Amino acid sequence: GRARNKKNGSLTLVEANCENMPFPDAKFDAVSNVYLFHEMPPAARRAAAAEYARVLKPGGKLFFVDSAQVGDGKFLGMEKAFDQALERFPAFNHEPYYKDYSVCDLEKLFGEFGFVLESSTVAWVSKCWCFTKAGNGTENAGASSQASVSEVPVTPREVVLPTLVDSNDASAKAR
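Quick summary incoming for the structure in this document. Counting starts from 1 at the beginning of each chain's written sequence and moves along it residue by residue. Where local features are concerned, this predicted model is filtered to residues with pLDDT of at least 70; where side-chain atom pairs are given and counted, the filter is 80 or more; whole-chain, interface and lining totals use all residues. Excluding hydrogens and water, the side-chain values take into account all heavy atoms of the structure.

## Some remarks on the pairing of strand S4 (residues 56-67)
Argument step 1. Direction of pairing for strand S3 (residues 28-34) relative to S4: parallel, over a ladder of six bridges. By the bridge assignment, Ala30 is partnered in S4 with Lys61.
Argument step 2. By convention, orient the strands away from the viewer: a clockwise path from the first strand over the helix to the second makes the crossover right-handed. In this text, helices come from DSSP runs of H or I with a minimum length of four residues, and strands from runs of E with a minimum of two, each type numbered from the N-terminal end. Note on the crossover from S3 through helix H1 (residues 42-55) to S4: the handedness is right-handed.
Argument step 3. Relative to strand S6 (residues 126-133), S4 runs antiparallel, the two being bridged by seven bridges. Of the residues in S6, the one forming a bridge with Lys61 is Thr132. Here, a strand pair is defined by DSSP locating no fewer than two bridges between the strands.

## A closer look at unusual backbone geometry
Argument step 1. Despite not being glycine, Ala26 shows a phi value in the positive range, around 50 degrees.
Argument step 2. Structurally, Ala26 is set in the loop between strand S2 (9-12) and S3.
Argument step 3. Residue Tyr35 is not a glycine yet carries a positive backbone phi of 45 degrees.
Argument step 4. Among the secondary structure elements, Tyr35 is positioned in the loop between S3 and H1.

Right, here's the structure in full:
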């Protein structure tokens, strides 16, 4: 489908296989991957990483969000409990590729295709990473990751604050 934003031009939404995208080389400034890699076998992950590199312009950004991995709990001060939960998750939720994903070295995988890790964070059970495709002087971007990430302007359009809702609160139900 096609959507139009009056301020920023058009947006085209395309449903396609991420392992073989129907776009020319170096077409995009940014690519996003949201909760996909843990659903894919290793060969498909590798093919997708190659495609992301192919369709991104040099200096382009890959925004990657997926499940946290083994060891990520240390950032939250709960590595042992976190790793135990990740170990049990595939069996309880029929996730055949999850265990392999949970130990996959994503920085190395994306690095093989010219991506440099710029920033990362763990937000509860999610891993959020920003990579830059090498080129246009970004080959050594890791040394100046803060500057590289700040080049992408982010302007929030709306801030939504969380609201605690009591299930017995009739006014909350009306919101």
